[in-house]
Amino acid sequence: MRSAIQQGEVARLADTYVTTASTAAQARAAFMDNPGIYASQAILNGGYSNYNAFPVRPAPELPGRVAGQVNYTWANTWTNSVGTAQNRVEPFIDAKRPELNEGGPSSTSTHVINGSLILDLPFGEGRRWMNSGGVSNAIFGGWQTSAIVHWQKGVPLSLLSARGTFNRVGRSGSMTALTSLSQEQLNALFKVTKAPTATSTGSTPP
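Here is a short report on the structure shown in this document. (Residues numbered from 1 in each chain as written. Predicted model: local features only at pLDDT ≥ 70, side-chain atom pairs only at ≥ 80, totals over all residues. Heavy atoms only, no water.)

### Concerning the pattern of salt bridges
One pass over the structure, following the stated rule, counts two salt bridges. With its nearest N and O atoms 2.8 Å apart, the salt bridge here joins Glu9 to Arg12. A relative accessible area of 3% places Glu9 in the buried class. On the basis of relative accessibility, which here comes to 25%, the residue Arg12 falls in the partly exposed class. The shortest N-O distance in the salt bridge between Arg97 and Asp94 comes to 3.1 Å. Looking at Asp94, the relative accessible area reads 15%, which means it is buried. (Salt bridge = Lys/Arg side-chain N within 4 Å of Asp/Glu carboxyl O. Buried < 20%, exposed > 50% of the residue type's maximum accessible area, 1.4 Å probe, protein only.)

### Focus on unusual backbone geometry
In the Ramachandran plot, Ala162 falls in the positive-phi region, its phi being about 55° despite a non-glycine side chain. Tracing the sequence through the fold places Ala162 in the loop between β4 (144-152) and α5 (183-189). (Helix = DSSP H or I, 4+ residues; strand = E, 2+ residues; numbered from the N terminus.)

### Quick notes on the packing of aromatic side chains
This structure, assessed with the given rule, holds zero aromatic pairs. Taking the ring centre of Phe166 as reference, the NZ or CZ of Arg97 above it sits at 4.6 Å. (Phe/Tyr/Trp six-rings, centres within 6.5 Å; stacked < 30°, edge-to-face > 60°. Lys NZ or Arg CZ within 6 Å of the ring centre and 35° of its normal.)

### Considering the packing of helix α2 (residues 10-19) against helix α3 (residues 24-31)
For any two helices packed against each other, the geometry is given by the interaxial angle and the distance between the axes. For the pair α2 and α3, the least separation of the axes is 6 Å and the interaxial angle reads 135°. It follows that α2 is oblique to α3 by the angle criterion. Where α2 approaches α3, its residues Ala14, Tyr17 and Val18 are matched on the opposing element by Ala24, Ala27, Arg28 and Phe31. A class-by-class count of the residues in the contact of α2 with α3 yields six nonpolar, no polar and one charged. (Axes fitted to C-alpha atoms, helices over the stretch in contact; angles between N-to-C directions. Parallel < 35°, antiparallel > 145°, perpendicular 65-115°, else oblique. Contact = heavy atoms within 4.5 Å. Nonpolar A, V, L, I, M, F, W, Y, C, P; charged D, E, K, R; others polar.)

So this is what it looks like as structure tokens:
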């Protein structure tokens, strides 16, 4: 109880009172519209996902025996169901405010670039080298080389506290963390750093 008060977990504290035998009846009468029911669940198909994208596909003209393409997609997804729970049930943080569960899913990627290139190798009949047909053309002619490039932005990172502020702890898995740190301080904590190269100083194993 003390830790719930110190951490501001009002719902967790209420849950403790309701589930404690000595205070259960009084707590249900104080906290609930129907003291005879502690928890009830209604499983609904209320999940939604809104996906918006803007693809761009330029078609550059490449000289000679070269073919290629590149495309870019900007996308934005907004949903109230991230869709990762194995039990296929995603409870609301607050049943009276379902909009608190809205946000970007963990599977979204805002920027995606795809590119491909195909190049005919200059060997064989009708090409720059070994343009004689026959055995050399059968072995070396008609070959191509290709490359595929895929780049995309990483998935969003959520900072979650999972504390029972609006609901009990078992229903607060997606509860957003609250911090007094500034944006600059958060950026300093979450970044990619390269560790220094390690040096070996120990003895050589047999």
